[in-house]
Amino acid sequence: MSLGGGHSTEGTNAGGIFVQFNQDCTSLVAGSSSGYHLFALTPDDGIEEIYASRSGQDTCLVDRLFSSSLVAIVTVSAPRKLIVCHYKKGTEICNYSYSNTILAVKLNRSRLIVCLEESLHIHNIRDMKILHTIRDTPPNPRGLCALSPCVDHCYVAYPGSSAVGEVQIFDAVHLNAKCVISAHDSPLAALAWSMCGRRLATASERGTVIRVFAVPERTRLYEFRRGVKRCVSIACLAFSACGAYLAATSNTETVHVFRLQEGATGAVGAGAVVGAGEEGSTGAGPAGAAEAGWIDWLSQAVSAGAGYLPAQVADVLTQGRAFAAARLPRPARRAVAAVTIVARTARLVVATSDGVVYVYSLDAQEGGECALLRTHRLLDAGTPAPIHSQEGTNISDE
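Residues numbered from 1 in each chain as written. Predicted model: local features only at pLDDT ≥ 70, side-chain atom pairs only at ≥ 80, totals over all residues. Heavy atoms only, no water.

### Some words on the overall build of the protein chain
When helices and strands are tallied, the protein chain shows two helices and 30 strands. Per-residue burial for the protein chain yields a buried fraction of 58% across its 398 residues. The contacts in the protein chain between residues at least 6 apart in sequence include a share of 49% that link residues at least 24 apart. Carbon and sulfur atoms form 49% of the exposed surface of the protein chain, whose accessible area is close to 15,400 Å². (Helix = DSSP H or I, 4+ residues; strand = E, 2+ residues; numbered from the N terminus. Buried < 20%, exposed > 50% of the residue type's maximum accessible area, 1.4 Å probe, protein only. Contact = heavy atoms within 4.5 Å. Areas by Shrake-Rupley, 256 points an atom, 1.4 Å probe, with all protein chains shown as cover.)

Here it is in structure tokens:
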């Protein structure tokens, strides 16, 4: 998931810079008023700038193909034009113009997807020819879409409705519709694929419930409740490369990490009927071991006697809670996250539209509160910003 501001959630750096992790979360791209920048995550929890275009063109969208030299960009001055570059050679490979503003660009090793408000264009990554256009999609002013990183399961997910949380799944290799998932009662806010392309995470505009589905089976595998206090705007969902963790950022200061583990709280079970379900603003919030308390006891009791409770009550109380959480030192307009491995140790990395990157520890066994290790400023990545002290994070409240 990417972030920025201006004409879409995915695009332009008005009010901040555009930031996005690459497909395997080993590097970070940024679009600024001076051009685009590429950064690598280093083994010492650092951020190293490996390229800066310094074109002087205000860049609102950037995507890099894994760790290759292929970069796709869109500028503020030409929002309908896609430019594909070889950054190491400093050459433009090709460019395409579209009928409307480009809201999102997604890449994998087989396809390049361009998302407009009411259409999706599928390109062959080898020669950049347009293979197919999905026309007359429901209005999608935020450019919400997700492309699986896996070429063996090369699926595109996008909203199937502007009124409810319906997800359309399209096979970008065979160029046919794969399935439809009724994920939420409210319109979609975030989508993310696992690295294997067989799991899809979804969140709605209410921001209270996060679900994970098997694709193409449409089976609901996991259901997590983000918090207990209020509805929020989910900015980013991101699977870890191993598929065992799912990170979620929102318009609050708390970043949640959920563990995807069979038999754990939140696992729905095989054969669960796919449906939007209920998304009330109250229920079991995320917590680590210290926050378990009576909610854990009640969840276990509900699981044992779910048949005796109304379906709505049982659903809310058996939804999973966060395995770990981190608190940003200061509020950010938007943030994206990645769960990655640095020097064989799990890390939660959060980049904000303010151009700041926070690196947190993540206890892969116990979870709980993530400690802030380092803070970096992207456009001055050589000099880490001071590490800010943190107060205790009550992750059951957010």
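### Side note on the state of the cysteines
Simply put, the disulfide is a covalent bond whose two ends are the sulfur atoms of two cysteines. In this structure the tally under the stated criterion is zero disulfides. The cysteine Cys-25 is free of any disulfide, with Cys-236 supplying the nearest cysteine sulfur at 8.6 Å. (Disulfide = S-S within 2.5 Å.)

### A few points about the pairing of strand β25 (residues 335–342)
Most of β25 sits inside the fold, with seven of its eight residues counted as buried. Two strands pair when backbone bridges link them, and β25 and strand β26 (residues 345–352) are joined in this way by eight bridges, in the antiparallel orientation. Each bridged residue has a counterpart across the sheet, and for Val-339 the counterpart in β26 is Leu-348. The turn joining β25 and β26, which pair antiparallel and follow one another in sequence, is formed by two residues; a positive phi near 50° is taken by Ala-343. (Pairing = 2+ DSSP bridges.)

### Focus: the sheet that holds strand β28 (residues 368–369)
Taken in spatial order, the five strands of this open sheet run β21-β22-β23-β24-β28, and their pairing is mixed. The strands lining the two open edges of the sheet, one partner per strand, are β21 (234–239) and β28. With four bridges connecting them, strand β23 (residues 254–259) and strand β24 (residues 324–327) associate as antiparallel partners. For Val-257, the partnering residue across the bridge sits in β24 and is Ala-324.

### So, the pattern of salt bridges
Summed over the entire model, instances satisfying the criterion amount to five salt bridges. Residue Arg-211 is joined to Glu-223 by a salt bridge in which the shortest nitrogen-to-oxygen separation is 2.6 Å. One end of the pair, Arg-211, is in strand β19 (residues 209–214); the other, Glu-223, is in strand β20 (residues 220–225), and twelve residues separate them in sequence. The class for Arg-211 is buried, based on a relative accessible area of 0%. Several salt bridges converge on common partners, so that one network encompasses Arg-211, Arg-220 and Glu-223. (Salt bridge = Lys/Arg side-chain N within 4 Å of Asp/Glu carboxyl O.)

### Description of the pairing of strand β9 (residues 104–107)
In β9, alternate side chains face the same way, and those of Ala-104 and Lys-106 on one face and Val-105 and Leu-107 on the other are all buried. Connecting β9 to the next strand, strand β10 (residues 111–116), in antiparallel fashion are three residues.

### Regarding the nonpolar core
In a soluble, globular protein the nonpolar side chains are often hidden away together inside. By size, the foremost hydrophobic cluster in this structure holds 29 residues, and its most contacted members are Tyr-36, Leu-82, Ile-102, Val-105 and Leu-112. Counting only elements with at least two residues in this core, the list comes to β3 (35–41), β5 (59–64), β6 (70–75), β7 (81–86), β9 and β10. At five residues, the largest contribution of residues to this core is made by β6. Listed in part, the 21 residues of the second largest apolar core include Tyr-245, Leu-328, Leu-348 and Leu-372. (Core = buried A, V, L, I, M, F, W, Y, C linked by side-chain atoms within 4.5 Å.)

### Looking at the environment of Tyr-245
Position of Tyr-245 among the secondary structure elements: in strand β22 (residues 245–250). Assessed through its relative accessible area of 10%, Tyr-245 is described here as buried. Separated by 79 residues in sequence, Tyr-245 and Ala-324 place their C-alpha atoms 9.8 Å apart. A distance of 3.0 Å separates the side chain of Tyr-245 from the backbone oxygen of Ala-364, its partner in a polar contact. (Polar contact = N/O pair within 3.5 Å; in protein donor to acceptor, adjacent residues only side chain to side chain.)

### Details of the sheet that holds strand β14 (residues 155–159)
The antiparallel open sheet is built from four strands, whose spatial order is β13-β14-β15-β16. Whereas interior strands pair on both sides, the edge strands pair on one side only; in this sheet they are β13 (146–147) and β16 (176–184). Bridging between strand β15 (residues 165–171) and β16 involves seven bridges; their strand directions are antiparallel. Paired with Ile-169 across the bridge in β16 is Cys-179.

### Side note on the packing of aromatic side chains
One pass over the structure, following the stated rule, counts seven aromatic pairs. Measuring from ring centre to ring centre gives 5.8 Å for Tyr-155 and Trp-193, while their planes differ by 45°; the resulting arrangement is tilted. With a gap of 38 residues between them, Tyr-155 in strand β14 and Trp-193 in strand β17 (residues 188–193) connect regions that are remote in the sequence. A residue is classified by how much of its surface remains accessible, and Tyr-155, at 6% relative accessible area, is buried. (Phe/Tyr/Trp six-rings, centres within 6.5 Å; stacked < 30°, edge-to-face > 60°.)

### A word on the environment of Val-209
Residue placement: Val-209 occurs in strand β19. Judged by relative accessible area, which is 0%, Val-209 ranks as buried. Taking the C-alpha atoms as reference points, Val-209 and Glu-223, 14 residues apart in sequence, are found 6.9 Å from one another.

### A closer look at the environment of Lys-81
Checked against the element boundaries, Lys-81 lands in strand β7. Overall, the relative accessible area of 29% leaves Lys-81 in the partly exposed class. Sequence-wise, Lys-81 and Asn-95 are 14 residues apart; in three dimensions their C-alpha atoms are separated by 6.8 Å. Among all residues touching Lys-81, those that are not within four sequence positions of it are Ile-73, Val-74, Asn-95, Tyr-96, Ser-97 and Ile-102.

### Considering the confidence of the model for the protein chain
Low pLDDT marks stretches whose predicted atomic positions should not be read closely. The predicted model of the protein chain has a mean per-residue pLDDT of 84, with 77% of residues at 70 or higher. Across residues 4–14, where pLDDT falls below 50, the model places 53 contacts with residues more than four positions away in sequence or in other chains. A low-confidence stretch, residues 280–299 stays under pLDDT 50, and its non-local contacts, those more than four residues away or across chains, total 54 contacts. (pLDDT = per-residue confidence, 0-100.)

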